[in-house]
Amino acid sequence: MNRKTGLLIGTIGTNPKNVVDFFKKSSVNLDSFSTLYVKLVSNVILESMLLNNKQKNIVNKESFRNTVFDFYSSLKTFEHLDVRVLLSSFNNMDQFKVTTSKPIDVIYFDSLYSSTVIDAFANKYVVNKSKDFQTAPFKVKNNECISTSTEENSNFKEYDYVAMGGTFDRLHIGHKLLLSEAVLRCNKKLTIGVCSDSILNSKTLPEFIDDCDTRIAGVKDFLSDVQPHLDYNIVPIYDIYGPTKEDALLEMIVVSEETVRGAEKINEYRIANGLTKLEVIRINLIEALKKSEYEESKISSSTRRMRLLGELLKPPSSKPNLPAKPYVIGLTGGIASGKSSILEHLRNFGCGCINCDLIAHQMYEIGSTGYQFILETFGPSVLNEDGSVNRKQLGNVVFNDKEKLNQLNNGLWPLVLSKVKEEIQSLYLQNKEVIVIEAALLIQANWTNECHEIWSCIISPEEAIKRLQARNHLSIEEAQTRINSQPQNKEYISNSNVVFCSYWDPNYTKYQVEKAWTNLKKRAAISS
């Protein structure tokens, strides 16, 4: 669906909750929008200005700032919506021109201006409009202004050189509040440090974090849209200090409640090295609309990453070699990642399930084709006294020698796949519409073309090592060797349509699988 871009002309000092209430109760469907720009104007200036009245437009800057924050906080209920409150008129409210990176499809006014004023504003001041743009005035119920002062607020302090830093993964309202505060406080140059990939391993689901260049580009895109007239210095940082440890011009830093200690450490460093102490402006965290008990109570990138679990990350690619039914899902993931528990959930939903590890075990049976291959390739040193394969000894051999691991896999994979195909047909004859193949080496074996979709389960290497030690009674070194022999989590994600993580409570894993199953039934027309 092609989503639209809206522009809301909002009144400074208004209560944005009333605007949100209008959208919720009216015929306006904000679900059809991807972006909503907000342009703030003075409630006493717009009509007189457009009618060539030369009344001076003075705004209370604290009121402007508060309205910006209130709009972001109120519009958090529309979680899909990219809200961008324009800031370019903050220091000059007589500048009504609206220039946006995306063309505007609909212009809303939160007050009932005359049609003359509305048309004049849309045609004269909105630069980037779509071919068939529309205007839609409405009168917000009880739209009393929170602050109507036209006096300059001397308490609102501004600075020439401002700094801030963060991860800025998947820009959300919390980020936008921080960035907007920095922009509103800055007169000349805003320096922003974006955490490099190398310092993010302690974050929740770091595998889902966009690379540093992508995150820097997202910050630039947002800032150039809301305030194109400042000088921005946006750079990767490799510690908490970044440019603040050497830039003598910096005067102030914007932080969130949870990063105040970081600002204190920065000031300690600056003072110790002969630089001036930075003023610190702290922004309160925004309460989140939680969808599960495992999410954070604040709006955060961690929560947004967690919500990707069980969702369709990318549509399935066309597989002309596969029949439409049965619908085959390849379930893969690293050692001890929780694949078996996910398979069991899917079995309970009625899926036909194939455990490739069990099939591979059959290949080790004395006298089988796989057994003969192992004996010929690795010799009797990997056998027990009774002639059976000593799997632990074989593991020690192959997990310490990549070439030998490849030899083992290349010899057994074709045998396993042949058996898997037999079981698929058998399960389909038992009226199983969806069949799940659990295969740890599915991607490495290049079986992706045998499946309509690839689902994977990830876990942090640290957690995987703990599980391997407890489950397989391995040393840390042995567990680490096995972890190192498999793809990294980012590779699983890049090759998957759906991803799960079993790090949390088992009920949360079940929640992820239920979400994936519900969505699959809709897109694949599964009847069961």
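For the structure itself, consult the block above.
All figures in this text were calculated on a predicted structure; none of them were measured in a lab. (Residues numbered from 1 in each chain as written. Predicted model: local features only at pLDDT ≥ 70, side-chain atom pairs only at ≥ 80, totals over all residues. Heavy atoms only, no water.)

Caption draft 1: Representation of the overall build of the protein in the model. Summing up its helical and strand segments, the protein has 17 helices and 15 strands in all. With respect to the three principal axes, the spread of C-alpha positions in the protein is 100 × 60 × 35 Å. Here the protein has roughly 25100 Å² of accessible surface; of this, 47% comes from carbon and sulfur atoms. Put simply, the protein has 62 plus and 62 minus side-chain charges, and the middle of one group is 4 Å from the middle of the other. (Helix = DSSP H or I, 4+ residues; strand = E, 2+ residues; numbered from the N terminus. Areas by Shrake-Rupley, 256 points an atom, 1.4 Å probe, with all protein chains shown as cover. Lys, Arg positive; Asp, Glu negative; His and termini not counted. Charge placed at Lys NZ, Arg CZ, Asp CG, Glu CD.)

Caption draft 2: Main features of the sheet that holds strand 13 (residues 434–438). Taken together, five strands build an open sheet; the order of strands is 12-13-11-14-15 and the sheet is parallel. Of all strands in the sheet, those with a lone pairing partner are strand 12 (352–355) and strand 15 (498–501), marking the two edges. Each strand of the sheet is rotated relative to its neighbour by a mean of 20°, with strand direction disregarded. Here strand 11 (residues 327–333) runs beside strand 13; their pairing, made up of five bridges, is parallel. From the neighbouring strand, Leu 331 faces strand 13, where its bridge partner is Glu 438. Seen against the sheet, helix 17 (residues 506–523) touches strand 11, strand 13, strand 14 (453–458) and strand 15 and runs at an angle of roughly 165° to strand 15. (Pairing = 2+ DSSP bridges. Axes fitted to C-alpha atoms, helices over the stretch in contact; angles between N-to-C directions. Contact = heavy atoms within 4.5 Å.)

Caption draft 3: Structural context of the layout of surface pockets. Within this model, the largest pocket holds a volume of roughly 1400 Å³. Elements with a contribution of two residues or more to the lining of the largest pocket: helix 9 (339–348), helix 10 (356–362), helix 12 (391–398), helix 13 (402–429), helix 14 (461–472) and helix 15 (476–484). Counting residues per element, the lining of the largest pocket draws most heavily on helix 13, at eight residues. Split by residue class, the lining of the largest pocket holds 23 nonpolar, 16 polar and nine charged. (1 Å grid on protein atoms, 1.4 Å probe; cavity = no way out; pocket = protein on both sides within 12 Å on 5 of 7 lines; lining within 4 Å. Points joined across faces, edges and corners; volume = space filled by probe spheres on them. Nonpolar A, V, L, I, M, F, W, Y, C, P; charged D, E, K, R; others polar.)

Caption draft 4: Spatial organisation of the pattern of salt bridges. For the structure shown, the criterion picks out 22 salt bridges. Taking the shortest distance from any N to any O, the salt bridge between Arg 65 and Glu 181 comes out at 2.8 Å. Linking Arg 65 in helix 3 (residues 61–74) with Glu 181 in helix 5 (residues 173–185), this pair joins segments that are 116 residues apart in sequence. Looking at Arg 65, the relative accessible area reads 15%, which means it is buried. Since its relative accessible area comes to 0%, Glu 181 is described here as buried. Within this structure, Asp 82, Arg 84, Lys 176, Asp 221 and Asp 225 form a network of salt bridges that share partners. (Salt bridge = Lys/Arg side-chain N within 4 Å of Asp/Glu carboxyl O. Buried < 20%, exposed > 50% of the residue type's maximum accessible area, 1.4 Å probe, protein only.)

Caption draft 5: How the structure looks around the packing of helix 14 against helix 15. Running from amino to carboxyl end, helix 14 crosses helix 15 at an angle of 125°, the nearest separation of the two axes being 9 Å. The orientation of helix 14 relative to helix 15 falls into the category oblique. The hand of the helix 14/helix 15 crossing is right-handed. Seen from helix 14, the contacting residues are Pro 461, Ala 464, Ile 465, Leu 468, Gln 469 and Asn 472; seen from helix 15, they are Ile 476, Ala 479, Gln 480, Arg 482 and Ile 483. For the contact of helix 14 with helix 15, the residue count by class is seven nonpolar, three polar and one charged. (Parallel < 35°, antiparallel > 145°, perpendicular 65-115°, else oblique. Left-handed = near helix turned anticlockwise from the far one by under 90°.)

Caption draft 6: Structural context of the state of the cysteines. Applying the stated criterion across every chain, the model contains zero disulfides. Distance from the sulfur of Cys 195, which forms no disulfide, to the nearest cysteine sulfur (Cys 212) is 8.2 Å. On the basis of relative accessibility, which here comes to 8%, the residue Cys 212 falls in the buried class. (Disulfide = S-S within 2.5 Å.)

Caption draft 7: Molecular detail of unusual backbone geometry. At the junction of Lys 325 and Pro 326, the peptide bond is cis and its omega measures out at 0° in the coordinates. Within the element layout of this structure, Pro 326 appears in the loop between helix 8 (301–306) and strand 11. With a phi angle near 55°, Phe 168 is a residue other than glycine that sits in the positive phi range. Mapping Phe 168 onto the fold places it in the loop between strand 6 (159–166) and helix 5. With a relative accessible area of 2%, Phe 168 lands in the buried category. The phi dihedral of Arg 170 is positive, around 50°, even though this residue is not glycine. Position of Arg 170 among the secondary structure elements: in the loop between strand 6 and helix 5.

Caption draft 8: Fine view of the packing of aromatic side chains. A full pass over the atoms with the stated rule returns ten aromatic pairs. Consider the rings of Phe 121 and Tyr 125, whose centres lie 5.8 Å apart with planes at 35°: the pair is tilted. Here Phe 121 pairs with Tyr 125, and both are found in helix 4 (residues 115–125), just four residues apart, close to one helical turn. Here Phe 121 matches Tyr 125 in class, with each residue buried. When the ring of Tyr 503 is compared with that of Trp 504, the centres are 5.5 Å apart and the planes differ by 90°; the resulting orientation is edge-to-face. For Tyr 503, a relative accessible area of 47% gives the class partly exposed. The ring of Phe 69 has Arg 65 sitting right over it, with the charged end atom 3.9 Å from the ring centre. One cation-aromatic arrangement involves Arg 185 over Phe 156; the distance from NZ or CZ to the ring centre is 4.2 Å. (Phe/Tyr/Trp six-rings, centres within 6.5 Å; stacked < 30°, edge-to-face > 60°. Lys NZ or Arg CZ within 6 Å of the ring centre and 35° of its normal.)

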